[in-house]
Amino acid sequence: VLLICTQYCSSQSLGFNQQFFELYIFTMVYSGFNNSREHNYSTYIYLLPAFGGEEITRKFLQEVSNILWAYIHKSNQRNSKVLDFHHPHQLKAGLEGLNMELPDQPETLEQILVDCRDTLKYGVRTGHPRFFNQLSSGLDVVGLAGEWLTSTANSNMFTYEVSPVFVLMEEVLLKKMQNIVGWLEDEGDGIFCPGGTISNLYSILLARYHFYPEVKTRGMGALPQLALFTSEHSHYSLKKSAAVLGLGTDNMVMVKCDERGKMISAELEAAIVSTKKKGLVPIYVNATAGTTVYGAFDPLNDIADICHRHSLWMHVDAAWGGGLLISDRHRMKLQGIERAWSVTWNPHKMMGVPLQCSAILVKKRGLLKECNELGAEYLFQKDKHYDVSYDTGDKSIQCGRHVDAFKFWLMWKAKGSEGFEAQINKCLENAEYLYDQLQRRTDFKLVFDSKPEHCTVCFWYTPPSLRCLPAGPEKEAKLHQLAPWIKARMMEKGSAMVGYQPLGGKVNFFRCVLSNPATQQEDIDFLLDQIVQLGQYL
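Residues numbered from 1 in each chain as written. Predicted model: local features only at pLDDT ≥ 70, side-chain atom pairs only at ≥ 80, totals over all residues. Heavy atoms only, no water.

### A closer look at the overall build of the protein chain
Across its full length, the protein chain holds 17 helices and 12 strands. Dimensions of the protein chain along its principal axes, counting C-alpha atoms only, are 100 × 70 × 45 Å. A buried classification covers 49% of the 538 residues belonging to the protein chain. Here the contacts in the protein chain between residues at least 6 apart in sequence split such that 72% fall between residues at least 24 apart. Roughly 25800 Å² of accessible area belongs to the protein chain as shown, and the carbon and sulfur atoms make up 55% of that amount. (Helix = DSSP H or I, 4+ residues; strand = E, 2+ residues; numbered from the N terminus. Buried < 20%, exposed > 50% of the residue type's maximum accessible area, 1.4 Å probe, protein only. Contact = heavy atoms within 4.5 Å. Areas by Shrake-Rupley, 256 points an atom, 1.4 Å probe, with all protein chains shown as cover.)

### Considering the side chain of K349
In this fold, K349 is placed in the loop between β7 (342-345) and β8 (358-362). The charged side chain of K349 is buried without a salt bridge, its nearest counter-charge being D317 at 7.2 Å. In contact with K349, not counting residues within four places along its chain, are L135, S136, A319 and W320. (Lys, Arg positive; Asp, Glu negative; His and termini not counted. Salt bridge = Lys/Arg side-chain N within 4 Å of Asp/Glu carboxyl O.)

### Points about the confidence of the model for the protein chain
Of the residues in the protein chain, 92% reach a pLDDT of 70 or more, and the chain-wide mean stands at 93. Here residues 26-39 is modelled with pLDDT under 50, and outside its nearest four sequence neighbours on either side it reaches 15 contacts, counting other chains as well. (pLDDT = per-residue confidence, 0-100.)

### Here's the deal with the nonpolar core
Counting residues in hydrophobic clusters, the biggest one holds 91 residues, and the most contacted among them are V316, F408 and F459. Sort the elements by how many residues they give to this core and helix α14 (residues 405-440) lands first, with 13 residues. Summarising the domain contributions, this core has at least three residues from each of domain 1 (156-402) and domain 2 (416-536). In this view, F408 contacts L173, M177, F192, P347, M351, V353, C357 and F420; residues no more than four positions away in its chain are not counted. Ranked by size, the runner-up nonpolar core spans 27 residues in total, among them L201, A207, Y212 and L238. (Core = buried A, V, L, I, M, F, W, Y, C linked by side-chain atoms within 4.5 Å. Domains from an automatic or database assignment.)

### Concerning the pairing of strand β11 (residues 497-503)
The pairing of strand β1 (residues 131-132) with β11 spans two bridges and is parallel. Residue pairing across strands places F131 opposite M497, the latter belonging to β11. As paired strands, β11 and strand β12 (residues 506-513) are joined by four bridges and run antiparallel to one another. Among the inter-strand pairings, Q501 is bridged to a residue of β12, identified as F509. Two successive antiparallel strands, β11 and β12, enclose a turn made up of two residues, where G504 displays a positive phi of approximately 60°. (Pairing = 2+ DSSP bridges.)

### As for the pattern of salt bridges
Applying the stated criterion to the full structure yields 21 salt bridges. With a shortest N-O distance of 4.0 Å, E171 and K175 are connected by a salt bridge. Placement of the pair is E171 and K175 together in helix α7 (residues 164-181), with a separation of four residues, close to one helical turn. Judged by its relative accessible area of 49%, K175 falls in the partly exposed class. A salt bridge links E373 to K382; the shortest N-O distance between them is 3.7 Å. A relative accessible area of 29% places E373 in the partly exposed class. Connected through salt bridges with shared partners, the residues R78, R130, E522 and D523 form a single ionic network.

### Quick notes on helix α10 (residues 237-244)
Think of an α-helix as 3.6 residues a turn; residues three or four steps apart then line up on the same face. Taken as a whole, α10 has its buried residues at S237, L238, S241 and A242. In a view along the axis of α10, the buried residues occupy a sector of 145°, so they form one face of it. On its buried face, α10 sits against α8 (196-211), β3 (226-231), β4 (252-255), β5 (281-288) and β6 (313-318). Trailing α10 by a residue or two, G246 shows a phi angle of about 80°, which is positive. (Arc of directions from axis to C-beta.)

### Let's talk about the UniProt feature "modified residue: N6-(pyridoxal phosphate)lysine" (unreviewed entry) in the protein chain
The UniProt record annotates "modified residue: N6-(pyridoxal phosphate)lysine" (unreviewed entry) at K349. Among the residues examined, K349 registers a relative accessible area of 14% and is labelled buried. (UniProt positions renumbered as here; feature names shortened; annotations may be inferred.)

### Things to note about the sheet that holds β8
An order of β2-β8-β7-β6-β5-β3-β4 is seen for the seven strands of this open sheet, with the pairing classed as mixed. Only two strands of the sheet have a single neighbouring strand rather than two, namely β2 (189-193) and β4. Recorded for the sheet is a direction-independent mean angle of 20° between the axes of neighbouring strands. Bridging between β3 and β4 involves four bridges; their strand directions are parallel. Its bridge partner being in β4, S231 is matched across the sheet by V255. The strands touched by α8 within the sheet are β2, β3, β4, β5, β6, β7 and β8, with β6 carrying the most contacts at an inclination of about 175°. (Axes fitted to C-alpha atoms, helices over the stretch in contact; angles between N-to-C directions.)

### Overview of the domain arrangement of the protein chain
Per the domain assignment, the segments of the protein chain are domain 1 (156-402) and domain 2 (416-536). Distance from the C-alpha centre of domain 1 to the C-alpha centre of domain 2: 32 Å. Taken together, the two surfaces of domain 1 and domain 2 that pack against each other cover about 2200 Å², and 58% of this comes from carbon and sulfur. Its largest share of buried area at the contact with domain 2, domain 1 owes to V293, Y294 and M350, together 29% of the area lost on that side. (Buried area = accessible area lost by both parts, 1.4 Å probe.)

### Section: the packing of aromatic side chains
Inspection of every chain in the model, using the stated rule, returns 16 aromatic pairs. With a centroid separation of 5.1 Å and 50° between ring planes, the pair formed by Y160 and Y386 is classed as tilted. On the criterion of sequence distance, the pair formed by Y160 in the loop between α6 (141-153) and α7 and Y386 in the loop between α13 (367-372) and α14 is long-range, its members being 226 residues apart. Residue classification places Y160 among the partly exposed positions, given a relative accessible area of 25%. For the pair F444 and Y461, a centre-to-centre distance of 5.2 Å together with 50° between the ring planes defines the contact as tilted. Here the residue F444 occupies a position in strand β9 (residues 444-446), and Y461 occupies one in strand β10 (residues 456-461), the gap between them amounting to 17 residues. Residue F444 is classed as buried on the basis of its relative accessible area of 5%. An aromatic cluster of three or more residues is present, and its members are F192, F408, W412 and F420. Sitting over the ring of F526, R130 keeps its end group 3.8 Å from the ring centre. (Phe/Tyr/Trp six-rings, centres within 6.5 Å; stacked < 30°, edge-to-face > 60°. Lys NZ or Arg CZ within 6 Å of the ring centre and 35° of its normal.)

Here's what the structure looks like:
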């Protein structure tokens, strides 16, 4: 329209004020948009970087912010549901207007806002005080602000030139974490990874390269048959990593644990000796600091002694338990972690950083880069005008890497080490409170009698109908069905969420995770009352 008017005015020798005409067109379009209906947004084409899209963009983002604020506010209200549960077929069928099908034509911004509301409505409020289901829970407002800023920057962690501030923040955080682990100033390296599974995979990748650097160029065919060791209560990511790296799950030896879930060090040494006799070459031991189910801590010093005697790489999977290092009251549970060659630590668990935030810490500086470097010339030029040692991308098996450090850095600035320590101590106090309540009651039974070392408490509920039954297969079979049934009813009500599982020869039991800083003792009492209310007549 502007071009036609300009040409017409020129042909008729008329004066034409282009700036005024642009303003007039924009005013007419915007007033029509605005007057059609309050907040009746048009499609994304009117948002920035569209010409004159500033006000529409501001209003759209303000509406998104209002939706998020309403969700955060409701998540912290105990009379609100933890979830509004619907089965997959119900959500896929477009329940109450939630349409997941992807259109050919753009939908209005008003519909996009509706989709945002519905997505949160039918999701799970993991920040709710009565969400006990996962190791990662809670909703930290400062961490949330950090995630917003990270997405706004939309940067990549492979080079300093595109992420100068974020790269330096990652370095500061990694050095702080290495110092807390107990390594010397001239030791330590690391990188933030997409979750604890990848961090654990890095540990095996590095161990293999450390002992057999030729694997990088010649592959597994140039190596003897290798053996790795982890406890039978360790995270399944260890076996998965062995499969992914071509080492084979059969060569990940599962070491026996005691009744509390801790690796038995004598069993580890016996397994290493036995494996050598079979002709395999042991290279790696994983010790767990905070097992996923029992929250147990392996005897790190004993395992370190064995690794030293047999010249093995010692890794500590502290994805769940690493946060306890910040607590003067609880860090002794990880005594010996400083002797590890690598450590996995997930701040998105005990420290409450929004998902995802996981780090692999490596004692030997430079090994990460040696193992993974390929020197892509379009990214890692050596003749840049700054110190290229800050181009961290070649430490990683990824190319593009999300900025996971900033939200963590911002939370540390907001809380300080003391704030994190208080938060962690409170979570452990909640676990001890639940343990004490269960010990006092006859309708509940602990899976193991000892006090919890971490924030997971495992127990059975026994309704009146089963209390008089003698121990045996019939009682076990009925008890096995109880936890899934109670959890299903709890989810349908939306009153709370708690996990359950079998383990070894034990039938299904509840596993209550108390890592949510919003949880109070009244919420723990509520959970037990709900279990009794839903299960007492079964």
